Amino acid sequence: MTPAAAEPLPAVTTGNYAYDQAPNAGAGTDAGQTGLLPFGTGALADTQTTTRAQWVGDGVAKYKQVSVVLDLLRDHRLDHLKLVSNAPNAYYGIKSIAVRARSEGEADYTSLAARPWYGTASPLPAGTALNNTLTVPMNGHTARFVIVTITRLHEYQHMVLNEIALHPAADAPGGNPAPPLTAEQLRAELAKPTKQVPRPGMVDVGNYYFGVTPEDGVPDSAGGVVPFGYGELFNRDVTRNVGWRGRADAPKSVALVFDLLRDHPLDRIRIVGNAPNQFWGFDEITVTYRPESSETYRVASRAVRARTELSYTLEVPMSDQVARFVRIEVSRVNQYLHIPLSEVEFTVGNGPVGQDPAPPYAAAQLQRELARHTRMVDQFGQYLYQDWPGKVTSAGQLRQEHRQEWSRLKDVSADRAVHDRYGGVKSLPKQPAEGYFRLRKVDGRWWFVTPDGHLFLLKGVDSVSHDEWGYGTLYRNADGSARDVFDGLPDPQLYPDAYAVTDRGHTVSFVKANLMAKYGDEWRQDWREVTGRRLLDWGFNGLSKWARDPGLRMPYISQVTAPPDAVRVLWAIDPFDPQFGAKLDRHTDIRALRHDPWLIGYFFDNERGWNTEVVKEVLRRDGSLPAKRAFVDYLAGAYGHDLARVNALLGTDAGSFEALVATPVDVARVPADDVRGYVRLASRTYYTAVRAAIVKQDPNHLFLGSALVPTWHSSLDWNVGGIDQLDAVSLDVYSDSAAYLAEYEALDKPVLNLEYSFNTSDRGLRAINASVRAQSVAERGHKYRAFLEAQAKSPVFVGSGWFVYYDQAVTGRPGDGESYNFGLLNQQDQPYGEMTDIMRDTNLTLELVHYHGTSDLTAQMLAGSITRLGRVDRGDTRLSLPAVPEAFRLRIVSSSHPGIVGTDGTVTPASRRTRVTVELEVTRTRDGSAARTRPITVWVPGA
């Protein structure tokens, strides 16, 4: 017969408690109380739920949690704790509670509960109970001291406690009462370590270490090796975080490593990273692992987190994979974002656990674990941990794909009825032909004009070259040892051109190896033939930036690099250097290009402008920096050469303007308008010198600025300060918003976006930022359409360059490790067809969008753009009609000689050459609206 369970006894009535944050309202005994409160007297232990302690939020007191430390005076084996919180109204609430306890004989506390309660929204949602009682099992834990911690959402939320009752089990309490602790001694209990009770089936014994010490979370924020049982990440309270605060110099990624002390077969890993608000979060997370027997890590999971996702949990199935060490790396695109990690759990799977624990790793050993390599790719450069349709398994598959693609591309050619040889649109108003590309404003909208005099909107692609260094990856470390991230590498005997020794190290290009395997001995020429037809098929018309294959005959943009001996301030150039112009003349060498009609123009340097950080650095320097002298000259002129006024302004006491040059100046003392004016002066000086150097060697081509990122390493004042020296402003805008163009519309200056892209975080690759991240390959195409059409509607937009032709390597490009899904194709030379199909459709009418200033094209607009048809050659059996977007249909509605050219498009030659006039009809499928072209004449050769 099973004995009946013993009933718990009434609540303990002898003891004291103290607050770490005194209540600012409630019962008179507790309000404002920082001293000791005896049970039976204080509001929380007087057996009355009508008395209460309150913390009224006013936004002044910034604390978000309150702890109550209870001293039972002797050890008690406890059955449960009952907590009562009766909220006066909906503006009260307790987001979460945590309970920990220790006996007299224990040095550390044991965590017994951590859970959310009823105040997870403020104010409380309609229908939420205001009277709340919570029972926390104490599971027979022996304790003299108990700490109850309550947390609120924010400093404006109110909290209330009415009663804390501790019920012992049916056992006698401990011996005679020890001396009561004072209030100060009870508050000191809060600093004692708290341990967790290991859970069956979980790995709760081990250590972890942070590569970057967090600012939030105890004891984690102290750095060093953290035992699982004491760490914030294993306290089972998902309402509290380990946190890395964002700031200007914060790292973009942080990593930590877990030592499970021995090999464990793992069923799953669970990671929680709850964000208090939208200023907390991260963009990507990667989990890797290794058993003791392996030298390298393998990927368990890579995932993307949406910024809107405040409550984040990642479940990583491990399928009994064995691990002793596990690493977690989280990254943020914006370093001002705070990173939270709340909890990590390792669940044991099936299989034997390793032998007796190996010696725990010390901090230095765990730091080295963070630097160990992770196996990432196969011999084709493909991500190991994912399968997808078309994943390459052999060189034979690549060759078969070439045959299939070429059978479709071999007949692709430019439609000379639609475009001139440079890609200019023949149906749009003809302009004077000057033999080189020009910029012209037509009917209030800016355009390029081709050397043949036709309007042109650049639809370019960057780095269309297999020699682009950014497509490679390092296969050796700096010390010459093998970089152990590959399951296999291309055979250096079969693919020698894939390997190179560069100033960035020993590199391998999976792109080149795959091209050599795919196209054979004449791989360069065959690749060039395929690439030219691909770009034409997808509707691109130019090579816009960076490396380009010289055999591709398309309009292109070239770079003029900065002189290596230019005076630098941080990343920027000092244009006030008296030798700057001479240095440009010595270093610039573009004479060979001056008569090339395919060259659109030049951009100078790349992504290096001036902002307040540059000015701050200039001002702290002395007269040896020409820019500092220019600053003093600028201020002197701006303030009428009144030294006293300038000294008062800057907080200096220089005896002369010459002395001021040598005096460090705090940029915060300089009025914002003067900082802006000085930056604009620097820009004007800079671009005047650069333009002069270019024109000396090549007076025929356009100067297109410096390809600046609007909000990084530059400023609007720099971008426009020298705008009169530019033919167009070139920017690099990785965004899904065309709003940046508004600033340049006001200035009526042509604008190019020479770098942009849309990416997925998939197949081991990443997206460059949240605004360009797509959820699928097809969505990359849809984002392309939306962004390109939004830009094209602007009257100042004259074109863009997609970055780039191929993806970067999964294992990271040399130098900076970038591994972004930028490409129109992957590194296996496979096009992203779901995306390029949408690009082709978009590119068909992008010039019309720009011409009409709307992406809502009508049938009449499209019909008006069809003014001629391709010629009919002897042997042709069908009339060649121009391509139209999927949103429209095109058909022949009349023919002057239907027996020669039928309305179904068939061609039946007569005995002699015949002139035939046809009319076409364009129908918009969305609404059935239709419009006819003007009559178009074609000549059909005789039979």
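Residues numbered from 1 in each chain as written. Predicted model: local features only at pLDDT ≥ 70, side-chain atom pairs only at ≥ 80, totals over all residues. Heavy atoms only, no water.

K.L.:
Got a sec to walk through the overall build of the chain? Specific residues and values, please.
P.N.:
Helix and strand content of the chain: 17 helices and 41 strands. C-alpha atoms of the chain, sized along the principal axes, occupy 120 × 85 × 60 Å. Buried residues in the chain amount to 55% of all 943 residues. Within the chain, contacts between residues at least 6 apart in sequence are counted, and of these 73% link residues at least 24 apart. Within the structure as shown, the chain displays about 39000 Å² of accessible surface, and the carbon and sulfur contribution to it stands at 50%. With 102 positive and 110 negative side-chain charges, the chain shows a separation of 5 Å between the mean positions of the two kinds. (Helix = DSSP H or I, 4+ residues; strand = E, 2+ residues; numbered from the N terminus. Buried < 20%, exposed > 50% of the residue type's maximum accessible area, 1.4 Å probe, protein only. Contact = heavy atoms within 4.5 Å. Areas by Shrake-Rupley, 256 points an atom, 1.4 Å probe, with all protein chains shown as cover. Lys, Arg positive; Asp, Glu negative; His and termini not counted. Charge placed at Lys NZ, Arg CZ, Asp CG, Glu CD.)

K.L.:
Could you give an account of unusual backbone geometry, with specific residues and numbers?
P.N.:
Following S122, the chain continues to P123 via a peptide bond in cis, the omega torsion being 0 degrees. Here P123 is to be found in the loop between β7 (109-116) and β8 (131-137). Positive phi values are uncommon outside glycine, yet N139 reaches one of about 55 degrees. Within the secondary structure, N139 is located in the loop between β8 and β9 (142-151). Even without being glycine, W546 reaches a positive phi, approximately 65 degrees. Residue position: W546 is located in strand β29 (residues 542-548). A relative accessible area of 29% places W546 in the partly exposed class.

K.L.:
So, the pattern of salt bridges: which residues are in play, and what are the values?
P.N.:
Going through the model one piece at a time under the given rule, you end up with 67 salt bridges. With a shortest N-O distance of 3.1 Å, E434 and R438 are connected by a salt bridge. For R438, a relative accessible area of 21% corresponds to the partly exposed category. Between R524 and D497 there is a salt bridge, and its shortest N-O distance comes to 3.1 Å. You can see R524 sitting in helix α5 (residues 523-538) and its partner D497 sitting in the loop between β26 (473-474) and β27 (499-502), a full 27 residues away along the chain. Residue classification places R524 among the partly exposed residues on the basis of a relative accessible area of 37%. On the accessibility criterion, D497 (30% relative accessible area) is partly exposed. Ionic contacts of the salt-bridge type, sharing partners, join the residues R199, D204, R236, R268, R270, E315 and E345 into one network. (Salt bridge = Lys/Arg side-chain N within 4 Å of Asp/Glu carboxyl O.)

K.L.:
Run through the packing of aromatic side chains, naming residues and quoting values.
P.N.:
This model, assessed by the stated rule, comprises 53 aromatic pairs. For the ring pair F228 and F346, a centre distance of 6.2 Å and an interplane angle of 15 degrees mean the geometry is stacked. Of this pair, F228 sits in the loop between β14 (226-227) and β15 (242-244) while F346 sits in strand β21 (residues 343-348); the two residues are 118 residues apart in sequence, bridging distant segments of the chain. Ring geometry for Y756 against F787: centres 5.8 Å apart, planes inclined by 55 degrees, an arrangement best described as tilted. In this pair, Y756 sits in strand β36 (residues 751-756) while F787 sits in helix α14 (residues 777-792), placing the two residues 31 residues apart along the sequence. We classify Y756 as buried; its relative accessible area is 1%. An aromatic cluster is defined as three or more aromatic residues linked by ring pairs; in this entry it consists of F576, F580, F604, W610, F631, Y634, Y678, Y686, Y687, F703 and W718. When the ring centre of Y109 is taken as reference, the NZ or CZ atom of R100 above it lies at 6.0 Å. Positioned above the aromatic ring of F282, the side-chain terminus of R305 is 4.7 Å from the ring centre. (Phe/Tyr/Trp six-rings, centres within 6.5 Å; stacked < 30°, edge-to-face > 60°. Lys NZ or Arg CZ within 6 Å of the ring centre and 35° of its normal.)

K.L.:
Account for the pairing of strand β11 (residues 163-168), with residues named and values stated.
P.N.:
Successive residues of a regular strand alternate their side chains across the two faces of the sheet. With six of six residues buried, β11 is to be regarded as a mostly interior element. Along β11, one buried face is formed by E163, A165 and H167 and the opposite face, lined by I164, L166 and P168, is buried too. Pairing of strand β5 (residues 65-86) with β11, which is carried by six bridges, proceeds in the antiparallel orientation. For L81, the partnering residue across the bridge sits in β11 and is L166. (Pairing = 2+ DSSP bridges.)

K.L.:
Explain empty space enclosed by the protein to me, using residue names and the numbers behind them.
P.N.:
Under the definition given, this model contains five cavities of 30 Å³ or more. When its volume is computed, the largest cavity comes out at roughly 160 Å³. Forming the boundary of the largest cavity are 18 residues, of which R763, L765, D807, N826 and Y832 lie nearest the centre. Each residue belonging to the lining of the largest cavity can be placed in one class, and the counts come to seven nonpolar, eight polar and three charged. There is about 40 Å³ of room inside the second largest cavity. (1 Å grid on protein atoms, 1.4 Å probe; cavity = no way out; pocket = protein on both sides within 12 Å on 5 of 7 lines; lining within 4 Å. Points joined across faces, edges and corners; volume = space filled by probe spheres on them. Nonpolar A, V, L, I, M, F, W, Y, C, P; charged D, E, K, R; others polar.)

K.L.:
Account for the packing of helix α6 (residues 580-587) against helix α11 (residues 672-697), with residues named and values stated.
P.N.:
Interaxial distance between α6 and α11 falls to 9 Å at its minimum, and their mutual angle equals 35 degrees. Crossing handedness for the pair α6 and α11: right-handed. Touching F580, L584 and D585 of α6 are Y686, A689, V690, A693, K696 and Q697, all from α11. Classifying every residue of the contact of α6 with α11 by side-chain character gives six nonpolar, one polar and two charged. (Axes fitted to C-alpha atoms, helices over the stretch in contact; angles between N-to-C directions. Left-handed = near helix turned anticlockwise from the far one by under 90°.)

K.L.:
How would you sum up the nonpolar core? Please name residues and give values.
P.N.:
Inside soluble globular proteins, nonpolar side chains tend to come together where they are buried. Within the largest apolar cluster, 172 residues are counted, with the highest numbers of intra-cluster contacts made by F448, W610, Y805 and L824. For this core, the element with the highest residue contribution is α11, accounting for ten residues. The next biggest cluster of nonpolar side chains, apart from the first, holds 39 residues, and it includes L78, L81, Y118 and L134. (Core = buried A, V, L, I, M, F, W, Y, C linked by side-chain atoms within 4.5 Å.)

K.L.:
Explain the sheet that holds strand β23 (residues 445-449) to me, using residue names and the numbers behind them.
P.N.:
A sheet is described by the order of its strands in space; here three strands give the open sequence β22-β23-β24, paired in antiparallel fashion. Strand pairing shows two members of the sheet lacking a second neighbour, β22 (438-442) and β24 (455-456), which therefore form its edges. With five bridges joining them, β22 and β23 adopt antiparallel strand pairing. Of the residues in β23, the one forming a bridge with R438 is V449.

K.L.:
Outline the pairing of β21, listing residues and values.
P.N.:
With five of its six residues buried, β21 lies for the most part within the structure. Here strand β16 (residues 253-272) runs beside β21; their pairing, made up of six bridges, is antiparallel. Bridge assignment links R270 to a residue of β21, and that residue is E345.

K.L.:
I'd love a proper account of the sheet that holds strand β28 (residues 505-508), names of residues and values included.
P.N.:
Taken together, the three strands give an open sheet; going across it, the order is β26-β28-β27, and neighbouring strands pair in antiparallel fashion. Two strands close off the open sheet at either side, each with one partner strand: β26 and β27.

K.L.:
Before we move on, can you summarise the side chain of K749 with the specific residues and values?
P.N.:
With respect to the helices and strands, K749 occurs in the loop between α13 (742-745) and β36. Despite its burial, K749 remains without a salt bridge, the nearest opposite charge being carried by D724 at 5.4 Å. Engagement of the side chain of K749 in a polar contact is seen with the backbone oxygen of L726, the distance being 2.6 Å. Among all residues touching K749, those that are not within four sequence positions of it are W446, I723, L726, D727, V729, Y744 and V796. (Polar contact = N/O pair within 3.5 Å; in protein donor to acceptor, adjacent residues only side chain to side chain.)

K.L.:
Before we move on, could you go through the packing of α14 against helix α15 (residues 833-843) and cite the residues and values that matter?
P.N.:
For the pair α14 and α15, the least separation of the axes is 7 Å and the interaxial angle reads 20 degrees. Comparing the axis directions of α14 and α15 gives the class roughly parallel. Like other packed secondary-structure pairs, α14 and α15 cross with a definite hand, here right-handed. Facing V777, A778, R780, G781, H782, Y784, R785 and E789 of α14, the residues of α15 in contact are E834, M835, I838, M839, D841, T842 and N843. (Parallel < 35°, antiparallel > 145°, perpendicular 65-115°, else oblique.)

K.L.:
Requested: an account of the side chain of Q697, with residues and values cited.
P.N.:
By secondary structure assignment, the location of Q697 is in helix α11. Reaching out from Q697, the side chain makes a polar contact with the backbone nitrogen of I590 at a distance of 2.9 Å.

K.L.:
Could you give me a rundown of the environment of F576, with the residues and numbers involved?
P.N.:
Mapped onto the fold, F576 is located in the loop between β32 (572-573) and α6. Of the residues examined, F576 reaches a relative accessible area of 16% and is grouped as buried. A sequence separation of 109 residues divides F576 from T685, and the C-alpha atoms of the two residues are 7.1 Å apart. Aside from chain neighbours lying at most four places away, what touches F576 is W610, P626, A627, A630, Y678, L681, A682 and T685.

K.L.:
Outline α5, supporting the account with residue identities and numerical values.
P.N.:
In this model α5 runs 22 Å from its N-terminal to its C-terminal C-alpha over 16 residues, within 8% of the 22 Å that 1.5 Å per residue would give. Contact partners of the buried residues in α5: α3 (395-409), β25 (458-464), α4 (510-519), β29 and α15. Among the residues trailing α5, G539 stands out with phi positive, at a value near 90 degrees. (Expected span 1.5 Å × (residues − 1).)

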